[in-house]
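Observations on chain architecture
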Amino acid sequence: MADVLISLLTGLLGLGTGIFVVLSLIEKPVWRLMWAPSSAHVGDDEARKVHAILKRVIHLLPPTMMTTMGTATLLVIVLLVQTGFSTAGIALATLFFVQLGLIVARLFKDIRGVDTVPSDGDVFAVRDGLGALTLLHHRGLLMTLSTLIAVLALQALA
């Protein structure tokens, strides 16, 4: 059972990591907006183009990732119980839940920052929303990848 649990958790975290890598690559031209929405290194046309791409997938990806991370949450809880609340299990759960909490705290606000703004609308709103959502996607990538590495390390130690 423990092997199946680890395999499922690894698969879900791998899927989440893959989705965040694809989003990160789509957003690569506007990465500078994460820290400086007014960056002169990102043209308005480029920001509008990436914004429009994200608007096309914004109703598909959040439910997919919520399902994926919701299932991963249940599996982390089961893993915690199965390991008898071991130090390694608690560390893994803490790593996952702290990062997930930080993401969920901003999730709907950052999604609305892109979803409710027309790509051809106010360029400052486009850039602000795009920068915030890009940063959130990078945080998601860090969460899924670091937890995936921790799960693989836990498996190697077992």
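Throughout this description, residue numbers start from 1 for each chain and increase along the sequence as written. Given that the model is predicted, a residue must reach a pLDDT of at least 70 before its local features are reported, and side-chain atom pairs must reach 80 or more before they are shown or counted; all residues, however, enter totals for whole chains, interfaces and linings. Here the side-chain values reflect all heavy atoms present in the structure, with hydrogen atoms and water set aside.

Along its length, the protein chain carries five helices and zero strands. Runs of E in the DSSP output that reach at least two residues are strands. Runs of H or I that reach at least four are helices, and both are numbered from the N terminus. Counting from the amino terminus, helix and strand elements in the protein chain follow one another as α-α-α-α-α. Along the first, second and third principal axes, the C-alpha set of the protein chain runs to 55 × 25 × 20 Å. Looking at the protein chain as a whole, 41% of its 158 residues qualify as buried. Here the analysis covers contacts within the protein chain between residues at least 6 apart in sequence; of these, 79% occur between residues at least 24 apart. In the structure as shown, the protein chain presents an accessible area of about 8300 Å², 71% of it carried by carbon and sulfur atoms. The classification of residues rests on relative accessible area computed with a 1.4 Å probe and restricted to protein chains. Under 20% of the type maximum is buried, over 50% is exposed, and intermediate values are partly exposed. Contacts between residues were defined by any pair of non-hydrogen atoms, one from each residue, lying within 4.5 Å. Note on areas: Shrake-Rupley with a 1.4 Å probe; residue coverage comes only from the protein chains shown.

On to the packing of aromatic side chains, then. Given two aromatic rings, one states the distance between the centres and the angle between the planes to describe the pair. Stacked, tilted and edge-to-face are the three classes assigned to paired rings of Phe, Tyr and Trp, where Trp is represented by its six-membered ring and a pair needs centres within 6.5 Å; plane angles under 30 degrees give stacked, over 60 edge-to-face, the rest tilted. The full count for this structure, using the stated rule, is one aromatic pair. One Lys or Arg, Lys-28, reaches over the ring of Trp-31 and ends 5.4 Å from the middle of that ring. Only lysine NZ and arginine CZ atoms are considered, and such an atom sits over a ring when it is within 6 Å of the ring centre and within 35 degrees of the ring normal.

Okay, the environment of Pro-118 next. Within the element layout of this structure, Pro-118 appears in the loop between α4 (87-115) and α5 (123-157). The exposure class of Pro-118 is partly exposed, given its relative accessible area of 44%. The spacing of Pro-118 and Phe-108 is ten residues in sequence and 17 Å in space, taken between C-alpha atoms. Sequence-distant contacts of Pro-118, that is, excluding residues within four places in its chain, are made with His-51 and Val-126.

Attention now goes to the side chain of Ser-39. Within the secondary structure layout, Ser-39 lies in the loop between α1 (2-27) and α2 (44-57). Ser-39 gets classed as buried once you look at its relative accessible area, which sits at 10%. Beyond its immediate stretch of four places on either side in the chain, Ser-39 contacts Arg-32 and Arg-127.

Further remarks concern the nonpolar core. In terms of nonpolar packing, the biggest core is built from 38 residues, with Leu-9 and Phe-96 touching the most fellow members. Elements supplying a minimum of two residues to this core: α1, α2, α3 (61-82), α4 and α5. In this view, Phe-96 contacts Leu-13, Met-69, Ala-72, Thr-73, Val-76, Met-143 and Thr-147; residues no more than four positions away in its chain are not counted. Here the nonpolar core consists of buried residues drawn from Ala, Val, Leu, Ile, Met, Phe, Trp, Tyr and Cys, with membership extended through side-chain atoms lying within 4.5 Å.

A word on the packing of α1 against α5. Remark: α1 packs on α5, axes separated minimally by 8 Å, with the N-to-C direction vectors making an angle of 150°. The orientation of α1 relative to α5 falls into the category roughly antiparallel. Crossing handedness for the pair α1 and α5: left-handed. Gly counts as polar in this scheme, as do all residues outside two lists: the nonpolar Ala, Val, Leu, Ile, Met, Phe, Trp, Tyr, Cys and Pro, and the charged Asp, Glu, Lys and Arg. In the contact of α1 with α5, the residues fall into twelve nonpolar, twelve polar and one charged. To define axes, lines are fitted to C-alpha atoms, for helices over the stretch in contact only, and angles between the resulting N-to-C directions are given on a 0 to 180 degree scale. These descriptions rest on fixed angle ranges, namely under 35 degrees for roughly parallel, over 145 for roughly antiparallel, 65 to 115 for roughly perpendicular, and the rest for oblique. Left-handed describes a crossing whose near helix is turned anticlockwise from the far helix by less than a right angle; the clockwise case is right-handed.

Just to be clear on terms, a salt bridge is a Lys or Arg side-chain nitrogen sitting within 4 Å of an Asp or Glu carboxyl oxygen. This model, assessed by the stated rule, comprises three salt bridges. Here Asp-44 makes a salt bridge to Arg-127, at a shortest N to O gap of 3.0 Å. Note that Asp-44 is positioned in helix α2 and Arg-127 in helix α5, a separation of 83 residues in sequence. For Asp-44, a relative accessible area of 37% puts it in the partly exposed group. Judged by its relative accessible area of 4%, Arg-127 is buried. Its salt-bridge partner being Arg-106, residue Asp-110 comes within 2.8 Å of it at the nearest N-O pair. Of this pair, Asp-110 and Arg-106 both sit in helix α4, four residues apart, which is roughly one turn of the helix.

Right, let's get into the packing of α2 against α4. At a minimum axis distance of 9 Å, the contact between α2 and α4 shows a crossing angle of 115°. The interaxial crossing formed by α2 with α4 has left-handed handedness. Contacts between α2 and α4 involve His-51, Leu-54 and Lys-55 on the former and, on the latter, Gly-113, Val-114 and Asp-115. Its residues placed into classes, the contact of α2 with α4 shows two nonpolar, two polar and two charged.

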